[in-house]
Amino acid sequence: MLSFVVHGGLPAARTLLKSVTVHTLAESLGGVESLIEHPGLMTHASLAPEHRAALGIEDGLIRLSVGIESQADLLDDLAAALAAAAA
């Protein structure tokens, strides 16, 4: 499990989520496959923005659960998605 914040807030986070091909978008993290989620849009969407901010849940926050896929495939997928989000 790891989490990170992409620069560019929600627009960059959405672009990153749409750009991954190996990671699967899912709310439930943990399994044999690599999963990715955006807490502000998914698991914590019911919280008011101020409450999310107080909890440290920024608009650019991304959470990953790494599975059993090839390390190179996962890194390449994430690198391409990060590049798309930064564009």
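For the structure itself, consult the block above.
Okay, so let's go over this structure. Quantities reported herein were computed from a predicted structural model and do not represent experimental measurements.

### Here's the deal with helix H3 (residues 71–86)
- Compared with the 22 Å implied by 1.5 Å per residue over 16 residues, the 22 Å span of H3 between its first and last C-alpha is a close match.
- Every buried residue of H3 is listed here: Leu-74, Asp-77, Leu-78, Ala-81 and Ala-85. Taken around the axis of H3, the buried residues stretch over an arc of 90°, which confines them to a single face. Set apart from the buried face of H3 by more than 90 degrees, the exposed residues are Asp-76 and Ala-86.
- In this structure, the buried side of H3 is in contact with strand E1 (2–5), helix H1 (9–19) and strand E4 (61–65).

### Digging into the packing of H1 against H3
- Packing of H1 against H3 leaves a shortest axis separation of 8 Å and a crossing angle of 145°. The element H1 and its partner H3 pack so that their crossing is right-handed. Residue-level contacts link Ala-12, Thr-15, Leu-16 and Ser-19 of H1 to Asp-77, Ala-81, Leu-82, Ala-84 and Ala-85 of H3.

### Describing the pattern of salt bridges
- Enumeration according to the criterion identifies one salt bridge in this entry.
- Between Arg-63 and Glu-37 there is a salt bridge, and its shortest N-O distance comes to 3.2 Å. Taken together, the positions of Arg-63 in strand E4 and Glu-37 in strand E3 (residues 35–37) put the pair 26 residues apart, joining distant regions of the chain.
- Glu-37 sits in the buried class, given a relative accessible area of 0%.

### Considerations on the side chain of Glu-37
- A distance of 3.5 Å separates polar atoms of two side chains, one belonging to Glu-37 and the other to Thr-43.
- If sequence neighbours within four positions are ignored, Glu-37 has contacts with Leu-25, Ala-26, Leu-29, Met-42, Thr-43, Leu-61, Ile-62 and Arg-63.

### Some details on the environment of His-44
- Tracing the chain through its elements places His-44 in the loop between E3 and helix H2 (49–54).
- With relative accessibility at 27%, the residue His-44 sits in the partly exposed group.
- Along the backbone, His-44 and Val-5 are 39 residues apart, and their C-alpha atoms lie at a distance of 15 Å.
- Among all residues touching His-44, those that are not within four sequence positions of it are Pro-39, Arg-52 and Ile-57.
- A distance of 2.8 Å separates a polar atom in the side chain of His-44 from a polar atom in the side chain of Thr-43.

Rules of the game
Residues numbered from 1 in each chain as written. Predicted model: local features only at pLDDT ≥ 70, side-chain atom pairs only at ≥ 80, totals over all residues. Heavy atoms only, no water. Helix = DSSP H or I, 4+ residues; strand = E, 2+ residues; numbered from the N terminus. Expected span 1.5 Å × (residues − 1). Buried < 20%, exposed > 50% of the residue type's maximum accessible area, 1.4 Å probe, protein only. Arc of directions from axis to C-beta. Contact = heavy atoms within 4.5 Å. Axes fitted to C-alpha atoms, helices over the stretch in contact; angles between N-to-C directions. Left-handed = near helix turned anticlockwise from the far one by under 90°. Salt bridge = Lys/Arg side-chain N within 4 Å of Asp/Glu carboxyl O. Polar contact = N/O pair within 3.5 Å; in protein donor to acceptor, adjacent residues only side chain to side chain.

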